[in-house]
Amino acid sequence: MQVSITVNGQQRTDEVEPRLLLAHYLREVRGLTATNIGCDTTSCGACTVIVDGLSVKSCTVLAVQADGAQVTTLEGLAGPDGELHPVQRAFREEHGLQCGFCTPGMVMAAVGLLADNPDPSDREVREGLEGNLCRCTGYHNIVRAVRSAAQAGPAAGQVPQVQEVEA
Amino acid sequence: MIPSQFDYVRVQSVDEAVAALTEHGEDAKVLAGGHSLLPIMKLRLAVPSVLIDISGIRDLSYVRVEGEEVAIGAGTRHHELERDAVAAAEVPILPYVASQVGDPQVRHRGTIGGTVAHSDPASDLPTALLALGGTVVVQGPGGRREIPITEFWLGFFETALQPDELIVEVRVPRTGSAGWAYEKFTRRANDWPIVAVAAVEGRVALANMAGSVVRATATEEALARGASIEEAAALADQGTSPGADMHADQEYRRHLARLLTRRALQRASGGAAAAA
């Protein structure tokens, strides 16, 4: 089946099997491997991406369900000049990671959380990230990073503007 | 994990969905948010040959007052119900329970119609709906019919829905400021309940105490004849048939049902206090 999906501002049409998961589409068809697949059972959140403004677990969405959608992955957060997104910057400054496997999903979930709640309390961050597991158990610095990112203002909850779509 | 092969059909209206269901019958499954269906397809517990995607049907997502009832479109996603102002004023248990489903990513996708159709005995919203009472509105080739919520869930993954019918709406009574509570016991934040209890106006429903969500009828009868909360809650597990798994054995689940029922009734009797 043909799908046309805009990923990080780039629209492309691909022929996919209906059973192809969005996570596999992003990694294998689009070659964007920041999105990790951890548990593959909607639990760990490592595969979290933003679809039409909302965080979702891409291991539990079919690529065909994202037909026509705007998808943002971790690769789409930094600016064209490599300038880090406020949430990425805060994760680096606060050392919000240990092994790093959960980090792409954690960052995307945090962007989604900040879009919804621009200045969350510690508790709200913990509840907002309940769908993302860090098996290094580095949660304290992750919470600190999200709260620090919130200080950057509304940009922390935004994904970069969609770029011009090629005709 | 990759699901077995299937054909994918996208529909734009309820009539188109019913026509597709009529054509494909029991080989077809309806796909809305997919957060109950896709996980069991990945495990190959479900192997439908056709998926009918109804998420493009725009007019299935709403919450509105109709007379003494609140009507909720089957395509309403949990995160929409969670923050719906009409639901908060008219049937406040539902936004709260919606906020207890899974995690934010799950709530961004899952729909009320999907969780009702799935009939998992450990589901949050069906437990609240069973305590509320009301009806499930379904549409088939012969038109619409209403199924009382108390008759909808027949067992594990089993409902009164026919293979050619689509859930289009859930209707519940307006409860306004009446007391309510939802007590959910989990080991981890985003889990299904090991046991959960919903209480609204003397009606009590239990999650994970049988093959489907069930009412605590002995507790309700005791309350109706004027028993104390403690006496009534002590009967909460009567007539239930909980399973045993790695989280809890049967006796522990029975204990939880009694304990959580007592807490739920106490909280509900305190008025419309929000659950903590």
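For every chain, the first residue of the written sequence is number 1, and numbering continues from 1 onward in sequence order. Working convention: letters from A go to chains and numbers from 1 go to ligands, in the order in which they are written. For this predicted model, a pLDDT threshold of at least 70 governs which residues receive local features, and a threshold of 80 or more governs which side-chain atom pairs are given and counted, while totals over whole chains, interfaces and linings are taken from all residues. Side-chain measures were taken over the full set of non-hydrogen atoms in the model, leaving aside hydrogen atoms and water.

Under an unreviewed UniProt entry, the name given to chain B is Carbon-monoxide dehydrogenase medium subunit, and the organism recorded is Geodermatophilus telluris.

Going by the annotation in an unreviewed UniProt entry, the name recorded for chain A is Carbon-monoxide dehydrogenase small subunit, with Geodermatophilus telluris given as the source organism. UniProt positions are given in the numbering used here, feature names are shortened, and annotations may be inferred rather than shown by experiment. Per its UniProt entry, chain A bears the Pathway (unreviewed entry) comment "Alkaloid degradation; nicotine degradation."

Quick look at the interface of chain A and chain B now. Any two residues whose heavy atoms approach within 4.5 Å at even a single point are treated as in contact. Listed as interface residues are 29 residues of chain A and, on the opposing side, 31 residues of chain B. Note on definitions: buried area is the accessible-area loss of two parts on being combined, 1.4 Å probe, summed for both. With both sides pooled, the region where chain A packs onto chain B buries about 2,400 Å², and carbon together with sulfur makes up 55% of that total. Salt bridges, as used here, are contacts in which a Lys or Arg side-chain nitrogen is within 4 Å of a carboxyl oxygen on Asp or Glu. Run the count over chain A and chain B and you get five salt bridges. A salt bridge links Asp67(A) to Arg10(B); the nearest nitrogen and oxygen atoms lie 3.1 Å apart. Polar contact criterion, stated in full: a pair of N or O atoms within 3.5 Å, where within protein one must be able to donate a hydrogen and the other to accept it, and residues adjacent in sequence count only if both atoms are side-chain atoms. Counting the contacts that link chain A with chain B gives 14 residue pairs in polar contact (both at pLDDT 80 or more). Of all elements in the fold, only β4 (54-57), α3 (103-116) and α4 (122-128) of chain A reach the threshold of two or more residues within the side of chain A that touches chain B. Counting from the N terminus, the helices are the DSSP runs of H or I reaching at least four residues and the strands are the DSSP runs of E reaching at least two. Broken down by element, the residue count for the side of chain A that touches chain B peaks at four residues, all from β4(A).

What follows covers the environment of Arg258(B). All names here are of chain B. Locating Arg 258 in the fold gives a position in helix α11 (residues 250-269). Burial classes: relative accessible area under 20% of the type maximum marks a residue as buried, over 50% as exposed, and values in between as partly exposed (1.4 Å probe, protein chains only). Its relative accessible area of 27% is what places Arg 258 among the partly exposed residues. With 61 residues separating them along the chain, Arg 258 and Val 197 place their C-alpha atoms 9.3 Å apart. With near-sequence residues (within four places) excluded, Arg 258 lies in contact with Ala 233, Ala 234, Ala 236, Asp 237 and Glu 251. Of the polar contacts made by the side chain of Arg 258, one reaches the side chain of Asp 237; its length is 3.1 Å.

Turning our attention to the pattern of salt bridges. Residue and element names in this part refer to chain B. By the definition in use, this model includes 25 salt bridges over all chains. Glu 66 is the salt-bridge partner of Arg 171, the closest N and O atoms lying 2.9 Å from each other. Note that Arg 171 is positioned in strand β10 (residues 166-173) and Glu 66 in strand β4 (residues 63-66), a separation of 105 residues in sequence. Among the residues examined, Glu 66 registers a relative accessible area of 28% and is labelled partly exposed. The salt bridge partner of Glu 82 is Arg 107, with a shortest N-O separation of 3.1 Å. Placement of Glu 82 in helix α3 (residues 78-82) and of Arg 107 in helix α6 (residues 104-109) is noted, with a sequence separation of 25 residues between them. Judged by relative accessible area, which is 7%, Arg 107 ranks as buried.

Here the focus is unusual backbone geometry. Residue and element names in this part refer to chain A. The backbone of Asp 52 sits at a positive phi, close to 50°, despite the residue not being glycine. Residue position: Asp 52 is located in the loop between β3 (48-51) and β4. Its identity as a non-glycine residue notwithstanding, His 95 has a phi of 50°, on the positive side. Among the structural elements, His 95 can be located in the loop between α2 (86-93) and α3.

Turning our eyes to something else, we now look at the domain arrangement of chain A. Residue and element names in this part refer to chain A. Structurally, chain A comprises domain 1 (2-75) and domain 2 (86-157). All domain edges in this entry derive from an automatic or database-based domain assignment. The straight-line distance from the C-alpha centre of domain 1 to that of domain 2 is 21 Å. Contacts between the two partners involve 15 residues from domain 1 and, on the opposite side, 12 residues from domain 2. For the domain 1 and domain 2 pair, buried surface summed over both sides reaches about 1,100 Å², with 64% attributable to carbon and sulfur atoms. When residues of domain 1 are sorted by the area they lose upon contact with domain 2, Asn 36, Thr 48 and Leu 74 head the list and together hold 42% of the total. Counting across the interface, domain 1 meets domain 2 through zero salt bridges. Broken down by element, the residue count for the side of domain 1 that touches domain 2 peaks at three residues, all from β3. We call Asp, Glu, Lys and Arg charged. Ala, Val, Leu, Ile, Met, Phe, Trp, Tyr, Cys and Pro are nonpolar, and the rest, Gly among them, are polar. Classifying every residue of the side of domain 1 that touches domain 2 gives seven nonpolar, seven polar and one charged.

On to the sheet that holds strand β1 (residues 7-10) of chain B, then. Residue and element names in this part refer to chain B. Strand order in this open sheet of three strands is β1-β3-β2, and the pairing throughout is parallel. Each having just a single partner strand, β1 and β2 (28-31) make up the two edges of the open sheet. On average, each strand axis in the sheet is tilted by 25° relative to the strand beside it, whichever way the strands run. Note: β1 against strand β3 (residues 50-53), four bridges, orientation parallel. Paired with Asp 7 across the two strands is Val 50, which belongs to β3. Sitting on the sheet, helix α1 (residues 14-24) touches β1, β2 and β3, and the angle it makes with β3 is about 170°. At least two DSSP bridges between two strands are required for those strands to pair. Here the axes come from fitting lines to C-alpha atoms, over the contacting stretch only for helices, and the angles between their N-to-C directions go from 0 to 180 degrees.

A separate point is the domain arrangement of chain B. Residues and elements named next belong to chain B. Split into domains, chain B comes out as domain 1 (7-53), domain 2 (58-173) and domain 3 (181-269). Of note, the centres of domain 1 and domain 2, computed from C-alpha atoms alone, are 18 Å apart. Contacts between the two partners involve 14 residues from domain 1 and, on the opposite side, 16 residues from domain 2. Across the domain 1 to domain 2 interface the summed buried area is about 1,200 Å²; carbon plus sulfur atoms make up 73%. A per-residue breakdown of the area domain 1 buries against domain 2 is headed by Val 14, Val 18 and His 35, which together make up 37% of the total. Summed over the shared surface of domain 1 and domain 2, the result is zero salt bridges. Along the contact surface separating domain 1 from domain 2 lie one residue pair in polar contact (both at pLDDT 80 or more). Among the elements that take part in the side of domain 1 that touches domain 2, α1 stands out by supplying six residues, more than any other. The residue inventory of the side of domain 1 that touches domain 2, partitioned by class, reads seven nonpolar, five polar and two charged.

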